[in-house]
Amino acid sequence: MLTLHHAPNSRAGRIVWLLEELGLDYKLNRMEFSPKALKSDEHRARHPLGRVPVLEEDGTTLYESGAIVEYLVRRHSDGSLIPPHESSSFPEYLQWFHYCEGMVMPPINTIIVQTILLPPERRDNTVLGQAQRLLGKSLKPVNDALSNREYLIGSFSAADIMLGHSLYMSNRLDCVDETMDQIKRYIGNLEKRPAFQKGISA
Ligand SMILES: N[C@@H](CCC(=O)N[C@@H](CS)C(=O)NCC(=O)O)C(=O)O
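Model, not experiment: these values are computed from the prediction.

A look at the sheet that holds strand 3 (residues 54-57)
Line of reasoning, step 1. Read across the sheet, four strands follow the order 2-1-3-4 without closing on themselves; strand pairing throughout is mixed. Of all the strands in the sheet, the pair left with one neighbour each is strand 2 (26-30) and strand 4 (60-63). In this sheet, neighbouring strand axes are inclined to one another by 20 degrees on average, regardless of whether the strands run parallel or antiparallel.
Line of reasoning, step 2. With five bridges joining them, strand 1 (residues 2-6) and strand 2 adopt parallel strand pairing. Across the sheet, residue Thr3 finds its bridge partner in strand 2, namely Lys27.
Line of reasoning, step 3. The strands touched by helix 1 (residues 12-22) within the sheet are strand 1, strand 2 and strand 3, with strand 1 carrying the most contacts at an inclination of about 150 degrees.

Points about the domain arrangement of the chain
Line of reasoning, step 1. Along its sequence, the chain is organised into domain 1 (2-75) and domain 2 (90-201).
Line of reasoning, step 2. With 10 residues of domain 1 at the interface, the matching set in domain 2 holds 11 residues.
Line of reasoning, step 3. At the level of secondary structure, the elements contributing two or more residues to the side of domain 1 that touches domain 2 comprise helix 1 and helix 4 (65-75).
Line of reasoning, step 4. At seven residues, helix 1 tops the list of elements feeding residues into the side of domain 1 that touches domain 2.
Line of reasoning, step 5. Looking at the side of domain 1 that touches domain 2 residue by residue, the classes come out as five nonpolar, two polar and three charged.

Calculation criteria
Residues numbered from 1 in each chain as written. Predicted model: local features only at pLDDT ≥ 70, side-chain atom pairs only at ≥ 80, totals over all residues. Pairing = 2+ DSSP bridges. Helix = DSSP H or I, 4+ residues; strand = E, 2+ residues; numbered from the N terminus. Axes fitted to C-alpha atoms, helices over the stretch in contact; angles between N-to-C directions. Contact = placed C-beta atoms within 7 Å. Domains from an automatic or database assignment. Nonpolar A, V, L, I, M, F, W, Y, C, P; charged D, E, K, R; others polar.

The following block contains the structure:
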């Protein structure tokens, strides 16, 4: 049995989205997005940093959203969400899959800390401005790559689950401006997918 440890408005939404795309049976452990829940001894036994998502299956515990996505796609699907190694799409698939946690999420993390998590008296506008500029620069090549494409590598893939979720978060943080018209259109494509809706509303 697959169990996903989840908190609302977090990267765990990616995993719900994927589980729904694959039509898998799973149990959802809904936790509050709060230090009390995430830093409890019970949850730290699953993830030493007390973070989400965490996936458990038959005594195996796995954290790190990209690893969880890859695990599910390789163990629990027919492989249709990963292009074949020899295909011309494969390098691009790998690039966008990893660009998410490598380039897009670090400034998003800072923006969330500086606008939501820190109390107003501890927020720093210089740090916030740097993160917003870095995010804007990081999104530009994604906007260019999406020109005339429905999904990141043309057809829907696990790279969309990773990076698409981050682009959706960027937009919700008001960091996708009108010049990023391809990203706006792409988010509209994602929003039409029922599994995506389940992922973000879980
Ligand atoms: N790179 C990790 C990041 C995990 C992570 O930072 N998750 C956030 C939610 S999106 C979290 O649990 N934050 C709680 C905290 O920092 O206390 C992944 O992709 O799984």
